[in-house]
Number of protein chains: 2
Amino acid sequence: MKDCLFCKIINGDISAEILYKDDLVIAFTDTHPLAPVHILVIPKEHIASLNDVTDSQGDVMGALIVVAKKLAQEQDIAQSGYKLLIRTGDDGGQEVQHIHLHLIGGAPLTENIHPV
Amino acid sequence: MKDCLFCKIINGDISAEILYKDDLVIAFTDTHPLAPVHILVIPKEHIASLNDVTDSQGDVMGALIVVAKKLAQEQDIAQSGYKLLIRTGDDGGQEVQHIHLHLIGGAPLTENIHPV
């Protein structure tokens, strides 16, 4: 998608700290981290939001989670804990119209400190 | 898993408001909702946390997201927006040791009101 920030990162037109990539997904550090570890895992295919996901894209959605789990291990936060978060639409606070899964950890993110 | 709260819901030993079920996943309303819509989508198979997910379980993880997306449509919050959230470990605030994806919506959940 020509004007999509994340497609430009996928294409290399905008630089990012790429931590992982395969045929389906790519992962890079968030430039405005909310915690010591804050990584975005996104599908390479441009899918604007979860509302646009079809049944046949379940494998890509699963890959987002499996890759995030592996990155949590690599970042040494698997045992301390982490959140995975996908925002959709205005109420969900989605800011870039290309699905992105947040992997956030490295500090306590429990309800009292950081409510949903 | 004998002592798992969510396995008891899956088995019908504990009642819950079941909103969806298929071969892989089941979804029910959260008994302590944080927003007008608060649904948990879980794998039928007992998987304690994301740290225990294997590569071969990508399809189940994908199903959690695809089902949540459909439930958002059914609950009429697809256009207004929603969050999907999976907590893992202490820092992530995981409370039940059976993977559960939160679908939360029906009110603004943006960064200022509800930080991560």
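Everything below is about the structure printed above this text.
So, here's what we can say about the structure.

What counts and how
Residues numbered from 1 in each chain as written. Chains lettered and ligands numbered in written order. Predicted model: local features only at pLDDT ≥ 70, side-chain atom pairs only at ≥ 80, totals over all residues. Heavy atoms only, no water. Contact = heavy atoms within 4.5 Å. Buried area = accessible area lost by both parts, 1.4 Å probe. Salt bridge = Lys/Arg side-chain N within 4 Å of Asp/Glu carboxyl O. Polar contact = N/O pair within 3.5 Å; in protein donor to acceptor, adjacent residues only side chain to side chain. Helix = DSSP H or I, 4+ residues; strand = E, 2+ residues; numbered from the N terminus. Nonpolar A, V, L, I, M, F, W, Y, C, P; charged D, E, K, R; others polar. Pairing = 2+ DSSP bridges. Axes fitted to C-alpha atoms, helices over the stretch in contact; angles between N-to-C directions. Least-squares fit on C-alpha atoms with pLDDT ≥ 70 in both. Core = buried A, V, L, I, M, F, W, Y, C linked by side-chain atoms within 4.5 Å. Buried < 20%, exposed > 50% of the residue type's maximum accessible area, 1.4 Å probe, protein only.

### Some remarks on the interface of chain A and chain B
Consideration 1: Opposite the 38 residues of chain A that make contact, chain B presents 38 residues.
Consideration 2: With both sides pooled, the region where chain A packs onto chain B buries about 3700 Å², and carbon together with sulfur makes up 56% of that total.
Consideration 3: Of the charged contacts in the structure, one is a salt bridge between Lys70 of chain A and Asp55 of chain B, with a shortest N-O distance of 3.1 Å.
Consideration 4: The interface formed by chain A and chain B includes 16 residue pairs in polar contact (both at pLDDT 80 or more).
Consideration 5: Every element with two or more residues in the side of chain A that touches chain B is listed here: helix H2 (58-74), strand E4 (82-88) and helix H3 (89-92) of chain A.
Consideration 6: Here the side of chain A that touches chain B is built from residues that sort into 17 nonpolar, 13 polar and eight charged.

### Regarding the sheet that holds strand E2 (residues 25-29) of chain A
Consideration 1: Across the sheet, which stays open at both edges, the 10 strands sit in the order E1(A)-E2(A)-E3(A)-E5(A)-E4(A)-E4(B)-E5(B)-E3(B)-E2(B)-E1(B) with antiparallel pairing between neighbours. A strand with exactly one partner marks an edge of an open sheet, and here the two such strands are strand E1 (18-21) of chain A together with strand E1 (18-21) of chain B. Across the sheet, the axes of successive neighbouring strands diverge by a mean angle of 20 degrees, strand direction being ignored.
Consideration 2: The pairing of E2 of chain A with strand E3 (residues 37-43) of chain A spans five bridges and is antiparallel. Its bridge partner lying in E3 of chain A, Phe28 of chain A is registered against Leu40 of chain A.
Consideration 3: Where H2 of chain A meets the sheet, it contacts E1, E2, E3, E4 and strand E5 (101-105) of chain A together with strand E4 (82-88) of chain B, and its direction lies at approximately 155 degrees from that of E3 of chain A.
Consideration 4: Packed on one face of the sheet, helix H2 (residues 58-74) of chain B meets E4 of chain A together with E1, strand E2 (25-29), strand E3 (37-43), E4 and strand E5 (101-105) of chain B and runs near 155 degrees to E3 of chain B.

### Description of the relation of the copies chain A and chain B
Consideration 1: Superposing chain A onto chain B takes a rotation of 180 degrees combined with a translation of 0.0 Å along the rotation axis, leaving an RMSD of 0.0 Å. On the angle and the small slide along the axis, the relation comes out as a two-fold axis. Taking C-alpha positions as the reference, the residue of chain A nearest the rotation axis is Gly62 of chain A, at 1.8 Å.
Consideration 2: The fraction of interface residues of chain A whose copies in chain B are also interface residues reaches 100%, indicating that both copies meet through the same surface.

### Here we look at the nonpolar core
Consideration 1: Core analysis: the biggest nonpolar cluster contains 50 residues, and Val41 of chain A together with Val41 of chain B have the highest contact counts within it.
Consideration 2: Those residues in contact with Val41 of chain B, other than ones at most four positions away along the chain, are Val25, Ile26, Ala27, Leu64, Val67, Ala68, Leu71, His100 and Leu101 of chain B.

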